[in-house]
Amino acid sequence: MRNFIQAGNTVVVPAPYALTSGQGAKVGQLFGVATNDAALSADVALDLTGVFELYPRTARRPGRSARSSIGTTRTGAARPLPPPTF
C-alpha cells in the first residue's frame, strides 16, 4: 500500500482546554488521552487507542498528598473529600 502515512493511534490536535498529561479530552467526535501537557489551543497529542486509568478531577490520585484532596463546606471549613466511587 503506497498511501500509508502513519498509524492512527495518536493524533495531534489543538487543545480544547488546558490539559495535563494523562487527562482525557474530547475534541469534536474524538476522545483521547493527552500524552503531554498543553495550554488552551496549543498542540496536544492524544492517544486514541489503549487502556488507561482515568480519574475524576476531584479524585485522589495515587502518589498525591492528602492536601490535594481537601475541599471546603459552605461555611468555609475544610473537610476531606470522599473517596471516588467507580
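So, here is what we can say about the structure in this document. Predicted model, so just to flag it, every value in this text is computed and none were measured.

It is worth spelling out the overall build of the protein chain at this point. In terms of helices and strands, the protein chain carries zero helices and six strands. The order of α-helices and β-strands along the protein chain, N terminus first, is β-β-β-β-β-β. Classification of the 86 residues of the protein chain by burial places 17% in the buried group. Contacts spanning at least 24 positions in sequence make up 32% of the contacts within the protein chain whose residues lie at least 6 apart. When the accessible surface of the protein chain is totalled, it reaches about 6700 Å², and 56% of it is carbon and sulfur.

With that settled, the discussion passes to the nonpolar core. With eight residues, the main nonpolar core is built from Val-13, Ala-15, Leu-19, Ala-25, Ala-34, Ala-38, Val-44 and Leu-46. Beyond its immediate stretch of four places on either side in the chain, Leu-19 contacts Gly-24, Ala-25, Ala-34, Asn-36, Asp-37, Ala-38 and Val-44.

Take a nonpolar patch on the surface next. There is a patch of nonpolar side chains on the surface, built from Phe-31, Phe-52 and Leu-54 and spanning about 270 Å² of accessible area. Positionally, Leu-54 belongs in the loop between strand 4 (43-47) and strand 5 (70-72).

Let's shift gears to the sheet that holds strand 1 (residues 10-14). One open sheet accounts for four strands, arranged 1-4-3-2; its pairing is antiparallel. Of all the strands in the sheet, just strand 1 and strand 2 (24-27) have a single pairing partner and so form its edges. Averaged over all pairs of adjacent strands, the angle between their axes in this sheet comes to 50 degrees, without regard to strand direction. Bridge count for strand 1 against strand 4 is five bridges, and the pairing is antiparallel. By the bridge assignment, Thr-10 is partnered in strand 4 with Asp-47.

Below, the discussion takes up the pairing of strand 2. In this structure, strand 2 lies alongside strand 3 (residues 30-34), joined through four bridges in antiparallel fashion. Counterpart to Val-27 in the pairing with strand 3 is Leu-30. With antiparallel pairing between neighbouring strands as the criterion, strand 2 and strand 3 make up a hairpin whose turn holds two residues, including Gly-28 at a positive phi of roughly 60 degrees.

Rules behind the numbers
- Residues numbered from 1 in each chain as written.
- Predicted model: local features only at pLDDT ≥ 70, side-chain atom pairs only at ≥ 80, totals over all residues.
- Heavy atoms only, no water.
- Helix = DSSP H or I, 4+ residues; strand = E, 2+ residues; numbered from the N terminus.
- Buried < 20%, exposed > 50% of the residue type's maximum accessible area, 1.4 Å probe, protein only.
- Contact = heavy atoms within 4.5 Å.
- Areas by Shrake-Rupley, 256 points an atom, 1.4 Å probe, with all protein chains shown as cover.
- Core = buried A, V, L, I, M, F, W, Y, C linked by side-chain atoms within 4.5 Å.
- Patch = residues over 30% accessible without salt bridge, like charges linked within 9 Å, V, L, I, M, F, W, Y side chains within 5 Å.
- Salt bridge = Lys/Arg side-chain N within 4 Å of Asp/Glu carboxyl O.
- Pairing = 2+ DSSP bridges.
- Axes fitted to C-alpha atoms, helices over the stretch in contact; angles between N-to-C directions.

Purely spatial values, then, with no claim about function.
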